[in-house]
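An overview of the molecular structure
Here's the letter readout for the chains.
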Amino acid sequence: MACNHQRSEQIADFSAGHLRGDLVDNLLDHLDGCEPCSQEFDLAADLATLGAPVAELRPVATPDPVRRRPLLRMVLPAAAAAALLLTIVGRGSDPPVSSLASLEALHYPTSVLRGGDDDLRRAAMERYQAGDFERAAAELGALAQENDQDALAHFYGGLALLQLDRMTDAQTALTAAVAASEGLLRERALWYLANTELALEQGQRAQTTLERLIGLDGEYVLDARAKLDALRPLLDDSPE
Amino acid sequence: MESGHIDWDSFFARYRAMALRCATGWSDRASADDLVQEAAQAVLERARREPPFDSEGHARNYFFRTLHNRAAERLRRPGRRSLSLDEVDDSVAPTSSPWQAASAAEDESLASVRQSALEELIDQLRPAQRDAIRLRYGEGLTLREISERTGTPLSTLGERIQAGLKKIRGKAGMTGVTPN
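Numbering of residues starts from 1 in each chain and follows the order in which that chain's sequence is written. Chains carry letters and ligands carry numbers; both start at the beginning, A for chains and 1 for ligands, and go up in the order they are written. In view of the model being predicted, local features appear only for residues whose pLDDT reaches at least 70, and side-chain atom pairs are presented and counted only at 80 or more, with totals across whole chains, interfaces and linings using the full set of residues. Based on all heavy atoms of the structure, the side-chain values leave hydrogens and waters out of the count.

Another point: the overall build of chain A. A tally of helices and strands in chain A yields 14 helices and zero strands. Strands are runs of DSSP state E lasting at least two residues, helices are runs of H or I lasting at least four, and both sets are numbered from the N terminus onward. Its helices and strands in sequence order give chain A the pattern α-α-α-α-α-α-α-α-α-α-α-α-α-α, from N to C terminus. Buried residues are those whose accessible area, probed at 1.4 Å on protein chains only, stays under 20% of the maximum for their type, while exposed residues exceed 50% and partly exposed ones sit between those limits. Expressed as a percentage of its 240 residues, the buried residues of chain A come to 55%. The contact definition used throughout considers only heavy atoms, calling two residues in contact when any of these lie within 4.5 Å. Pairs at least 24 apart in sequence give 62% of the contacts found in chain A among residues at least 6 apart. A total of about 10100 Å² of accessible surface is found on chain A, and carbon and sulfur atoms cover 52% of it. Accessible surface is estimated by sampling points in the Shrake-Rupley manner with a 1.4 Å probe; for residues, cover comes only from the protein chains shown.

Here's what the structure looks like:
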């Protein structure tokens, strides 16, 4: 047993690769002199080998369709717009690392999802993982139509549509995901929605979406601020 | 944790998954394998020098500190080339990479025995505890992410994980399946 709850949480975060900076050094220094925490650290190391292999936990991401698209062709001189857009899209289109890892783990553990729609959703997401975005989008769309409050179906359906470059449909799905979700899922839905709106050259909408995301003050706040800062000069010159 | 001789196959088998996750979090996935390999080489080189590691815990902390420092260096100098095995002193370098050596010996290693025993212990937990522990440690999710997936309040998750860990530790202590 770790010497206190906070240390136990730090060890778990460390084992998942979520601990950063000075906290890492601080924990390792602490392990030198604390046998209970040292034992818990080793137990965490053993437990870390029980999950899916790391290669499965963090698969090579499928190409980000938002990044692939020529984005936001505002009424700026082409070269200036290209430079700025590269900043907006390239710098900020990846979510924070920890979120990206979870997003990429598009499978849901069988121990968590049982029966009913969960089976259908899991099957659809397995199609997504396999690169069958057409069927994934269709099946997730059907789930979302059946239950308008199924935030996961809206969200992952939106991602599948993004992969298919069906940007307007993706926008609709992600908008529904934002409305139906809360917490981290809502943040992610807002993030992808903002990127989709940028891809659709809807700068004002993207600004509003990013401001909503910043207002949540969650994991995406820094990325959203950076993207918004890069977007604002374009909006100032845009007739939109 | 015992001092003296360190079974490096068991050592690397035990910490490999955690190290790869850390390296991925501290840098990026493309660099993670190289970083872990570099840290593994560094700990083996250090093990040849005096004074030796006084315990496996000492070696473990050295390994993860090195990994963390190398990841930070790589962020500062993104063009830095990784060390190839050919460049490591032959007297220090194993015949294959530490991971390959660990993998080859895995079936007979202490780590493998520990792993199987741990699987059994986890299977004996209540399903809610087992699921929470697998998601937190096995899949490396945050409590918040688990909460969103399962709909379980954060406080309940924390209690389940702590209760599950306590049971594992208790049974492991009785059966000696997780020796340190």
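Attention shifts here to the overall build of chain B. Each helix and strand counted, chain B has eight helices and zero strands in total. For chain B, the exposed area adds up to about 8600 Å²; of that, 48% sits on carbon and sulfur atoms.

Quick look at the packing of helix H3 (residues 35-48) of chain A against helix H6 (residues 127-138) of chain B now. Interaxial angle, 0 to 180 degrees, is taken between N-to-C directions of lines fitted to C-alpha atoms, where a helix line uses only the stretch in contact. Following both chains from N to C, one finds H3 of chain A and H6 of chain B inclined at 95 degrees, their axes separated by 8 Å at the closest point. When the axes of H3 of chain A and H6 of chain B are compared, the pair comes out roughly perpendicular. Contacts between H3 of chain A and H6 of chain B involve Glu40, Ala44, Leu47 and Ala48 of chain A on the former and, on the latter, Ile133, Tyr137 and Gly138 of chain B. Within the contact of H3 of chain A with H6 of chain B, the residues separate by chemical class into five nonpolar, one polar and one charged. In what follows, roughly perpendicular refers to angles from 65 to 115 degrees, roughly parallel to angles under 35, roughly antiparallel to angles over 145, and oblique to any angle outside these ranges. Each residue is assigned to one of three groups, with Ala, Val, Leu, Ile, Met, Phe, Trp, Tyr, Cys and Pro labelled nonpolar, Asp, Glu, Lys and Arg labelled charged, and all others, Gly among them, labelled polar.

Soluble globular proteins tend to bury their nonpolar side chains together. In terms of nonpolar packing, the biggest core is built from 56 residues, with Phe14 and Leu47 of chain A together with Met18, Phe63, Phe64, Leu67 and Ile168 of chain B touching the most fellow members. If one sorts the elements of this core by residue count, helix H1 (residues 8-26) of chain B sits on top with ten residues. Discounting chain neighbours no more than four positions away, the residues touching Met18 of chain B are Phe14, Ser15, Phe41, Ala44, Ala45 and Ala48 of chain A together with Phe64 of chain B. Formed by 45 residues, the second largest nonpolar core is a distinct cluster that contains Tyr192, Ala199, Ala206 and Leu213 of chain A. Residues belong to a common nonpolar core when they are buried Ala, Val, Leu, Ile, Met, Phe, Trp, Tyr or Cys residues joined through side-chain atoms within 4.5 Å.

Residues and elements named next belong to chain A. Over its 14 residues, helix H9 (residues 133-146) runs 20 Å from end to end, which matches the ideal 20 Å to within 8%, given 1.5 Å per residue. Every buried residue of H9 is listed here: Phe133, Ala136, Ala137, Leu140, Leu143 and Ala144. Summarising the axial view, the buried residues of H9 lie within an arc of 130 degrees, below the 170-degree limit, and thus occupy one face. Exposed residues lying more than 90 degrees from the buried face of H9 are Ala138, Gln145 and Glu146. Multiplying one less than the number of residues by 1.5 Å gives the expected span of a helix. Along the arc lie the directions from the helix axis toward the C-beta atoms.

Attention shifts here to the environment of Arg70 of chain B. All names here are of chain B. Relative to the elements of secondary structure, Arg70 occurs in helix H3 (residues 56-76). Taking the C-alpha atoms as reference, Arg70 lies 8.0 Å from Glu38; in sequence the two are 32 residues apart. Once residues lying within four places of it in the same chain are set aside, the contact partners of Arg70 are Leu35, Glu38 and Ala42.

This brings us to the packing of aromatic side chains. Residues and elements named next belong to chain A. In summary, the pairing rule links any two rings of Phe, Tyr or Trp, Trp by its six-membered ring, whose centres are within 6.5 Å, and it sorts them by plane angle into stacked for under 30 degrees, edge-to-face for over 60 and tilted for everything else. All told, the structure shown has 16 aromatic pairs over all chains when counted by the stated rule. An angle of 55 degrees between the planes, with centres 5.1 Å apart, marks the rings of Phe14 and Phe41 as tilted. With a gap of 27 residues between them, Phe14 in helix H1 (residues 5-15) and Phe41 in helix H3 connect regions that are remote in the sequence. When its relative accessible area of 0% is taken as the criterion, Phe14 is described as buried. Between the aromatic rings of Phe155 and Tyr156, the centroid separation amounts to 5.0 Å while the plane-to-plane angle is 70 degrees, which identifies the pairing as edge-to-face.

Residue and element names in this part refer to chain A. pLDDT measures the predictor's confidence residue by residue and takes values from 0 up to 100. Summarising the model, chain A shows a mean pLDDT of 70, and 68% of its residues fall at 70 or more. When pLDDT is averaged over each helix and strand of chain A, the minimum, 29, is found for helix H4 (residues 54-57) and the maximum, 92, for helix H11 (residues 167-180). Low pLDDT (under 50) marks residues 52-116, which in the prediction has 146 contacts with non-local residues, meaning those over four places away or in another chain.

Residue and element names in this part refer to chain A. Of note in the backbone geometry, Asp165 takes a positive phi value of approximately 65 degrees without being a glycine. Tracing the backbone through its elements, the reader meets Asp165 in the loop between helix H10 (151-163) and H11. The partly exposed category is assigned to Asp165, whose relative accessible area is 35%.

Within this document, salt bridges are pairs made up of a side-chain nitrogen of Lys or Arg and a carboxyl oxygen of Asp or Glu, the two lying within 4 Å of each other. The full count for this structure, using the stated rule, is 18 salt bridges over all chains. Asp29 of chain A is the partner of Arg65 of chain B in a salt bridge, and the nearest nitrogen-oxygen pair spans 2.8 Å. With Arg65 of chain B in helix H3 and Asp29 of chain A in helix H2 (residues 21-33), this residue pair bridges two chains. The exposure class assigned to Arg65 of chain B is partly exposed, which follows from its relative accessible area of 23%. Here Arg70 of chain B makes a salt bridge to Glu38 of chain B, at a shortest N to O gap of 3.4 Å. Of this pair, Arg70 of chain B sits in helix H3 while Glu38 of chain B is found in helix H2 (residues 29-47), placing the two residues 32 residues apart along the sequence. For Arg70 of chain B, a relative accessible area of 21% corresponds to the partly exposed category.

This part is about the environment of Ala189 of chain A. Residues and elements named next belong to chain A. Counting through the fold element by element, Ala189 comes out in helix H12 (residues 183-199). By relative accessible area, which is 0% here, Ala189 ends up buried. Linking Ala189 and Leu152, residues 37 residues apart in sequence, is a C-alpha distance of 9.7 Å. If we ignore the near neighbours within four places in the chain, the residues touching Ala189 are Phe155, Leu174, Ala177 and Val178.

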